[in-house]
Amino acid sequence: PLVSDNDRLAISKLVSSLTRGNVRSPLAQCLIVRCVAQVIADSQVYAGQERPFYDFLESCLRHKGEMVIFEAAKAIIELNNVTEAELAPAITILQLFLSSSKPVLRFAAVRILNRVAIEHPMAVSNCNIDME
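Because the structure is a prediction, the values reported are computed rather than measured.

S.K.: Please explain the overall build of the protein chain as it appears in this structure.
M.R.: Scanning the protein chain from N- to C-terminus turns up seven helices and zero strands. The order of helices and strands in the protein chain, counted from the N terminus, is α-α-α-α-α-α-α. Against the globule reference of 14 Å for 132 residues, the protein chain gives a C-alpha radius of gyration of 15 Å, in line with a compact fold. Overall, the protein chain is about 45 × 35 × 20 Å in size when its C-alpha atoms are taken along their principal axes.

This is how it looks when you write it as structure tokens:
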């Protein structure tokens, strides 16, 4: 392998270059989102400080591929010490998927929102009507 799993600096540089580039494949984009989530989890963020690459995750919520959107929403929700303000864009997108005509999208949205509701029940309160 070109990059060791334990080499945080190399992974951070790789993610930095990939987030600036133009990746066409939705599957590759999902893998980048997972790597970004890992870099964010490994970095230490103090109160009031912005997370590295969070803007990239938020931009992935506006991707044309549903798979990438769900992966980005899941990554944002699983961040350590996530705030309600950081959750808001992901919850808004998932709420839109609750009214989708595709049952798979509705199920995936409910599943991810369920994870949020466990730790942040007030953040999901707007979605309760759509979930029923």
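S.K.: For this particular structure, what's the right way to read the nonpolar core?
M.R.: Nonpolar side chains in soluble globular proteins tend to be buried together. Ile91 and Leu94 are the most contacted members of the largest nonpolar core, which has 38 residues in total. For this core, the elements supplying multiple residues, two or more each, are α2 (26–42), α3 (54–60), α4 (66–77), α5 (84–98) and α6 (103–119). Setting aside chain neighbours within four positions, we find Ile91 in contact with Leu113, Val116, Ala123, Val124 and Cys127.

S.K.: Would you explain the confidence of the model for the protein chain in this entry?
M.R.: One rule of thumb: low pLDDT means the predicted coordinates there are not for detailed reading. A residue-level look at the protein chain finds 92% of positions with pLDDT of 70 or above and a mean pLDDT of 84. Per-residue pLDDT, averaged within each element of the protein chain, yields its smallest value for helix α7 (residues 128–131) (72) and its largest for α4 (94).

S.K.: Explain the side chain of Glu71 to me, please; I cannot follow it from the model alone.
M.R.: Assignment of secondary structure puts Glu71 in helix α4. Classification of Glu71 by relative accessible area gives buried; the value is 11%. Separated by 3.0 Å, the side chains of Glu71 and Arg34 make a polar contact. Setting aside its immediate chain neighbours within four residues, Glu71 contacts Cys30, Val33 and Arg34.

S.K.: Just checking my understanding: could you explain a nonpolar patch on the surface for this structure?
M.R.: On the surface, Leu27, Leu31 and Met67 cluster together into a nonpolar patch covering about 290 Å² of accessible area. Among the structural elements, Leu27 can be located in helix α2. For Leu27, a relative accessible area of 52% corresponds to the exposed category.

S.K.: Help me understand the packing of α5 against α6 in this model?
M.R.: Pairs of packed helices are described in terms of their axes, by the angle between the two and the distance that separates them. At a minimum axis distance of 8 Å, the contact between α5 and α6 shows a crossing angle of 145°. Judged by the twist between their axes, the crossing of α5 over α6 is left-handed. Counted together, Leu87, Ile91, Leu94, Phe97 and Leu98 of α5 and Leu105, Arg106, Ala109, Val110, Ile112, Leu113 and Val116 of α6 form the full contact between these two elements. Looking at the contact of α5 with α6, its residues break down into eleven nonpolar, no polar and one charged.

S.K.: Quick question: what am I supposed to make of the state of the cysteines here?
M.R.: Disulfides are covalent bonds that link the sulfur atoms of two cysteine residues. Taken as a whole and judged by the stated rule, the model has zero disulfides. Not part of a disulfide, Cys35 finds its nearest cysteine sulfur in Cys30, a span of 11 Å. Cys60 takes part in no disulfide bond, and the closest cysteine sulfur to it belongs to Cys30, at a distance of 8.5 Å.

The rules behind each value
- Residues numbered from 1 in each chain as written.
- Predicted model: local features only at pLDDT ≥ 70, side-chain atom pairs only at ≥ 80, totals over all residues.
- Heavy atoms only, no water.
- Helix = DSSP H or I, 4+ residues; strand = E, 2+ residues; numbered from the N terminus.
- Rg over C-alpha atoms; globule rule 2.2 N^0.38 Å.
- Core = buried A, V, L, I, M, F, W, Y, C linked by side-chain atoms within 4.5 Å.
- Buried < 20%, exposed > 50% of the residue type's maximum accessible area, 1.4 Å probe, protein only.
- Contact = heavy atoms within 4.5 Å.
- pLDDT = per-residue confidence, 0-100.
- Polar contact = N/O pair within 3.5 Å; in protein donor to acceptor, adjacent residues only side chain to side chain.
- Patch = residues over 30% accessible without salt bridge, like charges linked within 9 Å, V, L, I, M, F, W, Y side chains within 5 Å.
- Areas by Shrake-Rupley, 256 points an atom, 1.4 Å probe, with all protein chains shown as cover.
- Salt bridge = Lys/Arg side-chain N within 4 Å of Asp/Glu carboxyl O.
- Axes fitted to C-alpha atoms, helices over the stretch in contact; angles between N-to-C directions.
- Left-handed = near helix turned anticlockwise from the far one by under 90°.
- Nonpolar A, V, L, I, M, F, W, Y, C, P; charged D, E, K, R; others polar.
- Disulfide = S-S within 2.5 Å.

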